[in-house]
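Residue-level listing of the chains:
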Amino acid sequence: SVPLIHELVGRLAATRVAQIRARVAGIILSRVYTEGTDVKAGDVLFRIDPAQLEVTLHAQAAALAKAEADAANAALIAKRYLELREKRTLAQQDLDTALANERTTAAVVKQALANVESAKLNLSYATVTAPIAGRAGRALVTEGALVGLNEATPLTTVERIDPIYVNFSQSVAELAWLEDAGNSLGQGVDSRSAPKMEIVLPDGTLYPHTGTLDFSGKNVDPTTGAVSLRAVVPNPAKRLLPGMFVTLRLTAGRIDHAFPIPQAAVQRDSNGAFVLIVNAASKVEQRRVETHGMTREDWILTGALVDGDQVIVLGLQKVKPGAEVKAEAAADTAPTAPAKS
């Protein structure tokens, strides 16, 4: 029983990337976080000098107090004029003016209140926090730097790397193989096995966590003829880092009854692949086979082969179908690895 494995090169990328920028102008007072460490959402990263922002808030608060006083006075005048109007001792024009002034001063109060809220919001931006949990990167500014003047100055980045993405691409033909491995490989393939995605690290070791297919593009790149794909992999120990190149091993389908045969024994003609065997009468016989990928040493075959067949692996140049031969056992080979296409 041999799993069918397809290996691709993938590049790791963070699942979330937040660019931290200065949203108000000011001087950086301090960098609170430690570069390269994990932070939580809401953790303080930088502090910007809040003095000017506090002055602005106080000025807006004073403007609000004045607007509220004017509105209260206008409301008293309007009330008094309404009383006089009922006694028919006041002209209608004066009453209309008083009522309009009351409405105007009430609107000014709302505007002043909005200005105070805006000043409070800007003051809160003086404390720069992490919007997401992740690993904080290198600081792009130092203490004393002027930031946020006419632009949103970049300060640092926070990347979420658990889980982490693996971006890769496949040709259209390979994508069809992945999506429909069972149907494309005949009756001997177990199509019920879902594709399994494993990561082989640059040092050749197998990463302990398996991934799942997360995204499949719908457009084919006209320059490469490939479709962009993405897998997501757990990364609790933070061993996988964005930007790394890894080998993505996709296992899709399994051949329940296959034969690993040395590559030199498989030949081809216009009708396809075949091997030569020695039958019970000690004569050479041709058997048609289908190939399903290879290991480093063997082809993985199905077809007309049955258990007990003696496949000729050496001396092929000396024999042809129908010839009588004397067979000798070939040397044992190393254990066969899973098939790769």
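Note that the structure is predicted; figures quoted are calculated from it, not measured. (Residues numbered from 1 in each chain as written. Predicted model: local features only at pLDDT ≥ 70, side-chain atom pairs only at ≥ 80, totals over all residues. Heavy atoms only, no water.)

## A word on the confidence of the model for the protein chain
Move 1: Mean pLDDT over the protein chain works out to 85, with 89% of the residues at or above the 70 mark.
Move 2: Element-level mean pLDDT values for the protein chain span from 41 in helix H4 (residues 181-184) up to 96 in strand E4 (residues 44-48).
Move 3: This model gives residues 181-193 a pLDDT under 50, and the stretch forms 19 contacts once residues within four places in sequence are excluded. (pLDDT = per-residue confidence, 0-100. Helix = DSSP H or I, 4+ residues; strand = E, 2+ residues; numbered from the N terminus. Contact = heavy atoms within 4.5 Å.)

## Some points on the nonpolar core
Move 1: Counting residues in hydrophobic clusters, the biggest one holds 22 residues, and the most contacted among them are Leu45, Phe46, Ile48, Leu155 and Val158.
Move 2: Elements represented by at least two residues in this core include exactly strand E1 (2-21), E4 and strand E8 (154-171).
Move 3: Broken down by element, this core gets its largest block of residues, 3 residues, from E4. (Core = buried A, V, L, I, M, F, W, Y, C linked by side-chain atoms within 4.5 Å. Buried < 20%, exposed > 50% of the residue type's maximum accessible area, 1.4 Å probe, protein only.)

## A word on the pattern of salt bridges
Move 1: Scanning the entire structure with this criterion turns up 6 salt bridges.
Move 2: Where Asp70 meets Lys66, a salt bridge forms, and the shortest distance between an N and an O atom there is 3.0 Å. Placement of both Asp70 and Lys66 in helix H1 (residues 51-86) is noted, with a separation of 4 residues, approximately one turn of the helix.
Move 3: What makes Asp70 partly exposed here is its relative accessible area of 36%.
Move 4: On the accessibility criterion, Lys66 (55% relative accessible area) is exposed.
Move 5: Put simply, Asp38, Arg135 and Lys238 are held in one network by salt bridges that share partners. (Salt bridge = Lys/Arg side-chain N within 4 Å of Asp/Glu carboxyl O.)

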